[in-house]
Each structure stands twice: as C-alpha cells, then as structure tokens.
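Reading the structure
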Amino acid sequence: MQTPFYLIDKTALLRNLERIQEVRRLSGAKALLALKCFATWSVFDLMRVYMDGTTSSSLYEVKLGREKFGGETHAYSVAYGADEIDEVVANADKIIFNSVGQFKRFAPRAAGLSCGLRLNPGVSSSSFDLADPARPFSRLGESDVDIIMPIMEQIGGFMIHNNCENADFALFDRLLADIEVKFGRLLERVSWVSLGGGIHFTGDGYPIANFAQRLRGFGERYGVQVYLEPGEAAITRSTTLEVSVLDTLKNGKDLAIVDSSIEAHMLDLLIYRQSAKIAPDAGTYGYMVCGKSCLAGDIFGEFHFPAPLKIGDRLSIQDAAGYTMVKKNWFNGVRMPAIAIRELDGTIRQVRDFTYDDYVSSLS
Ligand SMILES: *Cc1c(COP(=O)(O)O)cnc(C)c1O
C-alpha cells in the first residue's frame, strides 16, 4: 500500500473493548464512545458489540452516531443553534444542555427525550490549561446549585466531564468524592449521571475491579444509571500512521523527511507540544523525523534506529487514533493519509483513500 496511511489494528482495539466490557459487566455502567475523539466509522461494527452507543458534541456527530454506530445516542453541545435543535432531537435518545439558559430555551423542543444538564465541579485532573474544563471562567457547564434548583423538576440527568488523561484511580476517586459533596443533593433527584471521558481505565494495570466497584456504589447511592464516555481509552494504542522516508539531510543533527506532516496528520501533538512515538525506538542512529509541510517546526520527534535511515524506509508512528483522524486537514496540500484496517485474521484492507479531488472539494 502507498504511504501515508492510518492503520487501525482490530486486535489491539479489541483489547481495549474487552476491558470496557468488563467494567460495564462489573459496574452496571453504560459506555458511550465520544465521537469527538474518534469517528472512523469503518470499525464501528466491532466497537458496537462492546459499547452501548455514542455521545457527541455537535449536530453532525450525533447524526453520525445514530447512522453509523446505533445503540444509545447522546447529544451534547456547548451551544445549540435554533436552526439545528430539531434535527439534533430527531437523532438523539438523550440531550444534554451546557447551561441553564440553553436548557430553558430548548428543552421544550425536546419533548419525549430525557433532558440533561452539564455540571462543572470546578476541579479537574487536567494539567493543561488549554484542555482544562475547570479552568477559571470556564464556559463548560453550570456550577451554581442555586440557579439549577428552580429547574430541577425538568432535569432527567447530569453530565460531568472533569477527568483528562487520568490514569490514577485514587485521583478519580477523590474527584468523584468532591462531586458528591458539591452536587450530591442534585444527583439523588435524577435518574442518570454521566461521568464523561478522560479516565484511562483501559491502560495496563488499571485497577478495574476497584473502579467498577466505585461506579456501582455511586450508582446505588444516588439511584442513578451511570454512564462513561470514553474517547481515548476506547482506541488507545490501536492505530499507527505509516509513513516513508523521502529524504535525509544533516544540519547539526541527522534529519529525515517523511511523506506526512505532523501539522496536517497528527495536529494534536503539535498543539500540546508532545513528541510522536515511533516503535521500535532503539539503536545507535539518532534522527529527527520531520514532516514535509513547509512549517519550520513540522517535527514528529527524535528517535533511534538500528541502521542509518535511507530513502523508502517505512516508519510506524504509534498511537495515531485519538484526536488524530478527526483533526486531519489539507495544510500545504499534503497528500491525505488513506485509512486501512488490519482485520482480526491479520489481513489488511484499505477502507478509504483521498485524492486531489477531495482536496479541491474541501474549498471553493
Ligand atoms: C472530550 C470528551 C470526552 C472524551 O474524552 P477522552 O479524554 O477522549 O476520554 C467525553 N465526554 C466529554 C463531555 C468530552 O468533552
């Protein structure tokens, strides 16, 4: 296959999905895929066996969830427009509003759906200001119990998302305890509570039994159906970006240029100033691996190889599923990576390729 392409490995994906299923079984919680992290619908046939449905952050995502994944479809948006609310309602099983203002304005147009509200507990596990839902002056959810109380009768459930890349069960436990102190008297009056995403419970060594027990206890204490909204945890370590070396040169360091671009194809790493991962990353030959866009800082990172890199060598950039395919773009007109799937029997199948016509039709 011609590089560049994203390669989704269903066997690796299955390892995460089985852990999700185990948490569902032990805890009674339901798990919804957060489409903003991963929306490559060609593998939804496998994912829907192990998860209950999807959650979304826009009209287009909620439509995609209903159309391509099925199961339970939750709608959420930071702000709905009057022109989209009816179509959102038509495609959702539950709708979650971000503010009391949006709730009052649009809940009357969501007759028949259970309507929820996003709460902001004011604390989170995020160390990155850009992605911290509890940052000062955050617009993500309501935090003042007094303004929520007058509409409590109409609220069917709450959504709280304040974990970010949190692999520490003790920290999750403390954050949840904090939520119980702050909002306990609201939680006991609704029938469901979604605890959002950002909990890395599919990682190796995560104490799944303790986690599930905490969720089950929480659900029983308030008499609510608990939901989880994993994004990254569902697809972590399942996908690579396959690229080839186009050129090598030297400028103080050995440089290799590949047929991809971090700005166009793994933008999230650039935004959060993180290095990509290449496996295996071992050997005596160090290279800075760079993208082919003309952005000076289009650099995947510095890696080690067992032999000098040469033109045509294939490199495998790891962990290229979450916040990656959903953010790819046509910067510099760089050829868009195709999408391929390694099936459970090991065969590789290309499910999408992109052409010059796709580039042209992305603008006018
Ligand atoms: C981003 C987000 C998720 C998914 O987060 P991950 O870190 O990818 O698990 C879930 N729910 C809400 C409300 C979100 O904003």
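This one's a predicted model, so the numbers in the text were calculated from it and none came from an experiment.

1. Thoughts on the site of the ligand
- Around the ligand, the neighbouring residues are Ala34, Lys36, Cys37, Met159, His161, Gly197, Gly198, Glu229, Pro230, Gly231, Glu232 and Tyr323.
- Separating a nitrogen atom of the ligand from a side-chain N or O atom of glutamate 229 is a distance of 2.6 Å.
- For the ligand, an oxygen atom lies 2.9 Å from a polar atom in the backbone of glutamate 232.
- Relative to its free-state accessible area of 380 Å², the ligand is covered by the protein chains to the extent of 87%.
- Class assignment of the residues belonging to the shell around the ligand gives a composition of five nonpolar, four polar and three charged.

2. Looking at the packing of aromatic side chains
- This model, assessed by the stated rule, comprises 14 aromatic pairs.
- Ring plane angle 90 degrees and centroid distance 6.3 Å describe the contact between phenylalanine 169 and tyrosine 206, whose orientation is recorded as edge-to-face. In this pair, phenylalanine 169 is assigned in helix H7 (residues 169–187) and tyrosine 206 in the loop between strand E8 (192–194) and helix H8 (208–222), connecting sequence segments 37 residues apart.
- Residue classification places phenylalanine 169 among the buried residues on the basis of a relative accessible area of 15%.
- Classification of tyrosine 206 as buried rests on a relative accessible area of 9%.
- Look at phenylalanine 218 and tyrosine 222: their rings are 5.2 Å apart centre to centre, the planes differ by 55 degrees, and that puts the pair in the tilted class. A residue pair is termed a helical-turn pair when its members lie 3 or 4 positions apart in one helix, as phenylalanine 218 and tyrosine 222 do in helix H8 at four residues.
- With a relative accessible area of 7%, tyrosine 222 lands in the buried category.
- Here the aromatic residues Phe169, Phe172, Phe201, Tyr206 and Phe211 are joined through ring pairs into a cluster of three or more.
- Over the ring of tryptophan 41 we find lysine 68, and its NZ or CZ is 3.8 Å from the ring centre.

3. Looking at the UniProt feature "binding site: substrate" (unreviewed entry) in the protein
- According to UniProt, the feature "binding site: substrate" (unreviewed entry) maps to Glu232 and Asp268 in the numbering used here. These annotated residues cover 37 residues of sequence, and their C-alpha atoms all fall within 12.5 Å of one another, placing them together at a single site.
- As for its placement among the helices and strands, glutamate 232 is situated in helix H9 (residues 232–235).
- Here aspartate 268 is to be found in helix H11 (residues 267–271).
- The buried category is assigned to aspartate 268, whose relative accessible area is 18%.
- Apart from residues no more than four positions distant in its own chain, aspartate 268 is found in contact with Tyr323 and Lys327.

Each value, and the rule that gives it
Residues numbered from 1 in each chain as written. Predicted model: local features only at pLDDT ≥ 70, side-chain atom pairs only at ≥ 80, totals over all residues. Heavy atoms only, no water. Near = heavy atom within 4 Å. Polar contact = N/O pair within 3.5 Å; in protein donor to acceptor, adjacent residues only side chain to side chain. Areas by Shrake-Rupley, 256 points an atom, 1.4 Å probe, with all protein chains shown as cover. Nonpolar A, V, L, I, M, F, W, Y, C, P; charged D, E, K, R; others polar. Phe/Tyr/Trp six-rings, centres within 6.5 Å; stacked < 30°, edge-to-face > 60°. Helix = DSSP H or I, 4+ residues; strand = E, 2+ residues; numbered from the N terminus. Buried < 20%, exposed > 50% of the residue type's maximum accessible area, 1.4 Å probe, protein only. Lys NZ or Arg CZ within 6 Å of the ring centre and 35° of its normal. UniProt positions renumbered as here; feature names shortened; annotations may be inferred. Contact = heavy atoms within 4.5 Å.

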